[in-house]
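Structure assessment
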Amino acid sequence: MSKFWSPVVHELTPYVPGEQPRERLIKLNTNENPYPPSPGVEKVLNDYPVDHLRLYPDPESLALRQALAREHGVEVGQVFVGNGSDEVLALAFQAFFRQSVPLSMPAITYSFYPVYCRLYDIAYRTLALGDEWQVPLEAFDAHSGGIVFANPNAPTGHGHGRDVIARLLERVTECVVLIDEAYVDFGGESAVPLVEQYPNLLVTGTFSKSRSLAGLRLGYAFGSRELIEGLERVKNSFNSYPIDSLANAVGIAALEDSEHFNACREKVITTRERTRRRLMNLGFEVLPSQTNFILTRHPDHDAAQLFVGLRERGILVRHFNTEALRDFLRISIGTDDEMDSLTEVLETLVG
Ligand code: PMP
C-alpha cells in the first residue's frame, strides 16, 4: 500500500507469469517453443550493424508489416505490430473496450484479460465454457461492449474453425470482436482471412510460440484500417516507435523461413499427440489440443501434489490455483526427450 498510488493500483492484482527458474529444470510451464528460431535469425543477429542502434527505429515498422501482410494475404494498412502480443492486447483493450456496456469473455481463458479490465477500468462479464470445454460463441451477447477470447483457447486448447467464427461475426456487428491467435499455428484455423469482410474483427498473433522468439517481444494484429488506426492512436500517445530495430530485422528473418517454421510446428504437434496418448495410458484425462500445450488431470491424484512431485524431480509445469482449474496441470510441449522424462516421472508418481 502506498499513499502515492492511484486507487486503481491499490485494487490491482497483477498477472503472475509462469516462473522463470534459476536452476536447470525441464521447463514446460510457459508454452515456449523447445526449438531454436530460424538460422536466418542467428545470421541477422551476428551481422547486425551495431551503429544502427544509434538511430531511432522506423516509426512505421514498414518492412516488418509488409512481410506480415505478404505472409497473411492482407494489405500493409491492416497490420499493426507491438512489443509482444500482450502489448497489442493492452492497446486494443484501451482503444476498443472502454465502453458503457460490459465486455464479454469466456470464464476460462487467458488470465491477462481480466487484469487489463481492472487496469483500464473496463466492466466485463464472463460466460461458462461448453460441455467440450469450448468457448460458447453462440452465448456471446451482440450488444456487449466488446468480445475477447483466445482461439485456440488457453489453457484448454480447444479451437473453433473459421466458419463458426464467421457465424459469430454475422451476428455481432456493433462491437469489436478480438480473437487472440497466440497458438493458432499448432493446429488451429486462423480468422485472419475474415478481416477483409468484417470491419469489427481484430486478430492478434505472436512470434513467441511458433516462431520461437518469446525473448524478443514481438506481436501483431490484423484488422480493418479503422481498427488499426484506433490502435495507432493509443500507441502513438505514449510511444511513437512500435518496436525496436533489432526486433524488426529478426522478425522479418523469422517470417522468411517457412521451412523451419513448418518443421518445428509439425514436430511440436507430433510430440503433443504422442504425449497425449502416453498420458492417457497412465490414466490421465487429456483435453484435445490445437496448441503447444495440453491440459490434463488424473482422477486419483491431486494436481498440486503432482506439480510438486514433478518439480522435485526437475520438471516445471503449470498449476493454476483457481477453482475451475485446480484439478489440472497445463504442460507445454517440449522436445521428445523432455516429454519422455515427463512421462517417466509421471509414471512413478501415479503408478
Ligand atoms: N495470448 C495468450 C493466449 C497467451 O497465452 C500469451 C502468452 N502468455 C500471450 C497472448 C502473450 O504472448 P506474447 O506477449 O509473448 O506475444
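Residues numbered from 1 in each chain as written. Predicted model: local features only at pLDDT ≥ 70, side-chain atom pairs only at ≥ 80, totals over all residues.

An unreviewed UniProt entry lists the protein under the name Histidinol-phosphate aminotransferase, with Litchfieldella qijiaojingensis as the source organism. Looking at the Cofactor (unreviewed entry) heading of the UniProt record, one finds this comment for the protein: "pyridoxal 5'-phosphate". (UniProt positions renumbered as here; feature names shortened; annotations may be inferred.)

Residue proline 152 is reached from asparagine 151 by a cis peptide bond, and omega for that bond is -5°. Mapped onto the fold, proline 152 is located in the loop between strand 5 (147-150) and helix 6 (162-171). Cis geometry is found at the peptide bond from alanine 154 to proline 155, where omega equals 5°. With respect to the element layout, proline 155 can be found in the loop between strand 5 and helix 6. Phi at asparagine 31 is positive, roughly 55°, even though this residue is not glycine. As for its placement among the helices and strands, asparagine 31 is situated in the loop between strand 1 (26-27) and helix 2 (39-47). Of note in the backbone geometry, aspartate 121 takes a positive phi value of approximately 60° without being a glycine. (Helix = DSSP H or I, 4+ residues; strand = E, 2+ residues; numbered from the N terminus.)

Right, let's get into the site of the ligand. In the region of the ligand, the neighbouring residues are Gly84, Ser85, Asp86, Tyr110, Ala150, Ala154, Asp180, Ala182, Thr206, Ser208, Ala214 and Gly219. In terms of residue count, helix 4 (residues 84-96) provides more of the shell around the ligand than any other element does, three residues in total. (Near = placed C-beta within 6 Å.)

It is worth spelling out the nonpolar core at this point. If you look at the biggest cluster of nonpolar residues, it comprises 90 residues, and the most contacted ones within it are Ala92, Val177, Val203 and Ala221. Counting residues per element, this core draws most heavily on helix 4, at seven residues. Here this core spans two domains, and each of domain 1 (7-36 + 259-350) and domain 2 (39-257) adds at least three residues to it. When near neighbours in sequence (up to four residues on either side) are disregarded, valine 203 contacts Ile179, Glu181, Ala191, Val192, Val195, Ala221, Phe222 and Gly223. (Core = buried A, V, L, I, M, F, W, Y, C linked by C-beta atoms within 7 Å. Buried ≥ 20, exposed ≤ 12 C-beta atoms within 10 Å, placed from the backbone. Domains from an automatic or database assignment. Contact = placed C-beta atoms within 7 Å.)

Structurally, alanine 154 is set in the loop between strand 5 and helix 6. Overall, alanine 154 belongs to the buried group, with 22 C-beta atoms counted inside 10 Å. Beyond its immediate chain neighbours, meaning those up to four positions away, alanine 154 contacts Thr109, Tyr110, Tyr183 and Thr291.

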